[in-house]
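# Observations on the model geometry
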Amino acid sequence: MRIAGLVLMVVALGVAYPATPRDDVRETFFGTTVADPYRWLEAVHAPRVRAWVARQDALTEATLASVPLRDTLRATTRRLFSMPSRSLPQRGGPIAVVARTDGSGRRAVLVATGAHGDRVVLDPNVGWDPAVTLADWKLAPDGTHVAYATKRAGLGLVRWHVRSLATGRDLADLVVGTPDWAPIGWSTDGRGFYYGGYASEAARAPGEPIGRGYTVRFHRLGGDQRDDRVVYALPQRPTWLPYAQESDDGRYVILGAIDGGGGNLVAVRDAHDPRGAIRTIRQLSPSVYSYVTSDGPIAYFFTNAGAPRGKLVAIDLRQPAHQWDVIPQSSRTLEDVSAAGDQFLARYLHDVRSEIIAFDRHGARLRALPTPGIGTVANVAADPSHASAYYDFSSPTTPPSVFAYDSRDGRTHLVGRQRAVFDAAQFVTEELFARSADGTRVPVFVAHRRGLRLDGSHPTMLTGYGGFGDSYRPEWWTPNEAWIAAGGTLAIACVRGGGEYGQAWHRAGMLGNKQHAFDDLAAAARLLVARGYATRKTLGLYGYSGGGLLVGVTEVQHPDLFGAVVEAAGPVDVLRGETYGSEAIWTTEVGSPTKSAREFAWLYRYAPLVAIRQGTRYPATLVMTSENDERVSPAHAYKFAATLQRAQGGDAPILLDAVRGTGHVGGGTLAAQIAPIVDADTFLLAHLRTSAAD
């Protein structure tokens, strides 16, 4: 409250929180009136909001700074980020380019490998602003140029540059206004690339449909972006995102559009006739059609149309109604397919464990490629013009390894393996299964030290995602490794809403079925307690972005299941988020509170800002965001933290951590990338260890 212009602190059972004014703001949705007392926090750049955030941050920093293990966690996390690593190679003509780090903590450099040895193509450590990072890169098919994207922390747009591999210098080309999630695609002759975006870096209005003004253009090398021709645009469909790529032989331009709900339309045009007719071969539907390769007019697509677990089909582009299965649907989930020489490499999930199977062009199975144990193949680098292909493999306790596969003789060999900051041989990843509220079997991967005593005394972090059909797999991820290196046990719940079991698993956790995802996570928590990995005092919960929504709702619905929670960058303000900006695209996944009474009811039933109850004992909670988050407005975190602080009926702290110098997908300096990981682990370990001792 305010007295004589002074802001007094609110003291809640020993924790002095900055005062947070409440306004009498209400909104009515289809006859239901909802109070929104912290709507003023939506003006995230307003001086009074910034002042409030600064006071919250000061409280959080003072609290975390008093934890002795924080410095140790920071050193360990820095070492993890600094371990030598290499990406899968991109092939172009006679050379390949990889991204490498040398273990010094410096940023990855692009290195070209070929007959004349290795040479550095691009070094972001020399002459770059520390706040600018290398966001993406793509080698031209002829190996003469590499396009690379730079990103300033906190901005959702990237800038594309082009470097000549012959001279080692940039061309004058500059392409701006491309979102950081939108890839580019080179033409087969290497003379330019297709890109999607707004062709402008001007700020977009909050709540503006993501597809408004979004077009696909072609940039020819040596040209000015203002002269780039529009290849595909759908101005009458402001919620659709168009895309374009050339077929491998350069004969067709494959066009498409995604509506945000997981499906897409597919169209084609003669690549040699820019003004030629565009022919739609598959209308927009909830199903995916993803181009793989082609053989003249026969194009191969990965699809889940009529196959919820995925299959590979061939379509005769001269007669698009003519389609046949090449790799039919199986009991496993087909994630994607790549063309390697004259073979297909199909990447499967079997109970969320990765498998790779090689098939010939007729769909006959040839062989399984080695995948050592429980883990994930996250990437495959393959090209129909090259017989060799590469893939990686990792698990939460197995550092990434890169394998090379020769499609001519079927041999596979290890190219390299990343080192860990801990003795990986002393840790193991195992798979368990929980039973959700409706009896559904939910995979839960647990990574822990070998010989762990199942007495519930070990700090355990449970995490998940459950959205957009994205599979949450058991793989090596730096934030998780920092937790394991600190002695924690990690659990990954593969809840509904993801793609772990295909399209049906996704749809079972979206829109009106979203509650299934929260039930699945709660079931995973109970399983960990029942098996002795943790008690309810030593079990922590962490979620980021879509996982932040999952975690925020689950905490509010089951506050007694967890000893501590970190909710990071989650779109938890589900009744207002669609007005904030890019969150509008989430409506295809979770629904819109203004579209219909039915969709409002879906959201209202679990809306955490509505469901938080005064006087409830909530677990220790750290609400995290970035002040410059370009995808999920920090307003979600501000309102969630303020609501929890006021409602808290126990003595566990509710803290807000608004990180500076980074964005939703990271970036910025090494210190800025490390900070949120260290803060999350410090908070969880401090409270879970305290709970274990109680």
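Bear in mind the structure is a predicted one, so any value in this text is a computation, not a measurement.

Attention now moves to the overall build of the protein chain. Secondary structure summary: the protein chain contains 11 helices and 43 strands in total. The C-alpha radius of gyration computed for the protein chain amounts to 25 Å, which stays within 12% of the reference 26 Å derived for 694 residues, consistent with globular compactness. Counting only residues that meet the buried cut, the protein chain has 57% of its 694 residues in that class. When contacts within the protein chain are restricted to residue pairs at least 6 apart in sequence, long-range pairs at least 24 apart make up 55% of them. In the protein chain, the 73 positive side-chain charges and the 69 negative ones have mean positions that sit 1 Å from each other.

Time to look at the packing of aromatic side chains. Per the counting criterion, the structure on display carries 21 aromatic pairs. The ring of Phe344 has Arg361 sitting right over it, with the charged end atom 5.1 Å from the ring centre.

The next point concerns the pairing of strand S20 (residues 241-246). Two elements, S20 and strand S21 (residues 252-258), share 6 bridges in a ladder whose sense is antiparallel. Across the sheet, Leu241 pairs through a bridge with Ile258, a residue of S21.

Attention now goes to the sheet that holds strand S24 (residues 289-295). Read from one edge of the open sheet, 4 strands run S24-S25-S26-S27, paired in antiparallel fashion. The two strands at the open ends of the sheet, each matched to only one other strand, are S24 and strand S27 (323-327). Across the sheet, the axes of successive neighbouring strands diverge by a mean angle of 30°, strand direction being ignored. Sheet analysis places S24 next to strand S25 (residues 298-303), joined by 6 bridges and oriented antiparallel. Bridge pairing in S25 places Ser294 opposite Ala299.

To continue, consider the sheet that holds strand S28 (residues 333-340). With antiparallel pairing, 4 strands are arranged side by side in an open sheet as S28-S29-S30-S31. One side of each edge strand has no neighbouring strand; the edge strands of this open sheet are S28 and strand S31 (365-369). The sheet shows a mean angle of 25° between the axes of neighbouring strands, taken without regard to direction. As paired strands, strand S29 (residues 343-350) and strand S30 (residues 353-360) are joined by 8 bridges and run antiparallel to one another. Along S30, the bridge assignment pairs Leu345 with Ala358.

Turning next to the nonpolar core. Residues Leu462 and Tyr638 are the most contacted members of the largest nonpolar core, which totals 110 residues. Excluding anything up to four places from it in sequence, Leu462 contacts Ala491, Ala493, Leu521, Ala524, Ala525, Leu528, Leu539, Gly540, Leu541, Tyr542 and Phe562.

Axes are the key here: two packed helices are described by the angle between their axes and the distance separating the axes. Close contact between helix H5 (residues 515-530) and helix H6 (residues 546-557) brings their axes to 9 Å; oriented N to C, the two are set at 70°. If you check the angle between H5 and H6, you find them roughly perpendicular. For H5 against H6, the interelement crossing comes out right-handed. In contact with Gln515, Ala517, Phe518, Leu521 and Ala522 of H5, H6 contributes Leu549, Leu550, Val551, Val553, Thr554 and Gln557. Considered class by class, the residues forming the contact of H5 with H6 number 8 nonpolar, 3 polar and no charged.

With 97% of its residues at a pLDDT of 70 or more, the protein chain shows a mean pLDDT of 93. Taken together, the stretch residues 1-13 has pLDDT below 50 and engages in 23 contacts with residues farther than four places along the chain or on a different chain.

Here the focus is the packing of helix H1 (residues 47-65) against helix H10 (residues 635-647). Remark: H1 packs on H10, axes separated minimally by 12 Å, with the N-to-C direction vectors making an angle of 60°. Looking at the two axes, H1 sits oblique to H10. Seen along the crossing, H1 lies across H10 with a hand that is left-handed. Across the interface between the two elements, Val49, Trp52, Val53 and Gln56 from H1 touch Tyr638, Ala642 and Gln645 from H10. Looking at the contact of H1 with H10 residue by residue, the classes come out as 5 nonpolar, 2 polar and no charged.

What counts as what
Residues numbered from 1 in each chain as written. Predicted model: local features only at pLDDT ≥ 70, side-chain atom pairs only at ≥ 80, totals over all residues. Heavy atoms only, no water. Helix = DSSP H or I, 4+ residues; strand = E, 2+ residues; numbered from the N terminus. Rg over C-alpha atoms; globule rule 2.2 N^0.38 Å. Buried < 20%, exposed > 50% of the residue type's maximum accessible area, 1.4 Å probe, protein only. Contact = heavy atoms within 4.5 Å. Lys, Arg positive; Asp, Glu negative; His and termini not counted. Charge placed at Lys NZ, Arg CZ, Asp CG, Glu CD. Phe/Tyr/Trp six-rings, centres within 6.5 Å; stacked < 30°, edge-to-face > 60°. Lys NZ or Arg CZ within 6 Å of the ring centre and 35° of its normal. Pairing = 2+ DSSP bridges. Axes fitted to C-alpha atoms, helices over the stretch in contact; angles between N-to-C directions. Core = buried A, V, L, I, M, F, W, Y, C linked by side-chain atoms within 4.5 Å. Parallel < 35°, antiparallel > 145°, perpendicular 65-115°, else oblique. Left-handed = near helix turned anticlockwise from the far one by under 90°. Nonpolar A, V, L, I, M, F, W, Y, C, P; charged D, E, K, R; others polar. pLDDT = per-residue confidence, 0-100.

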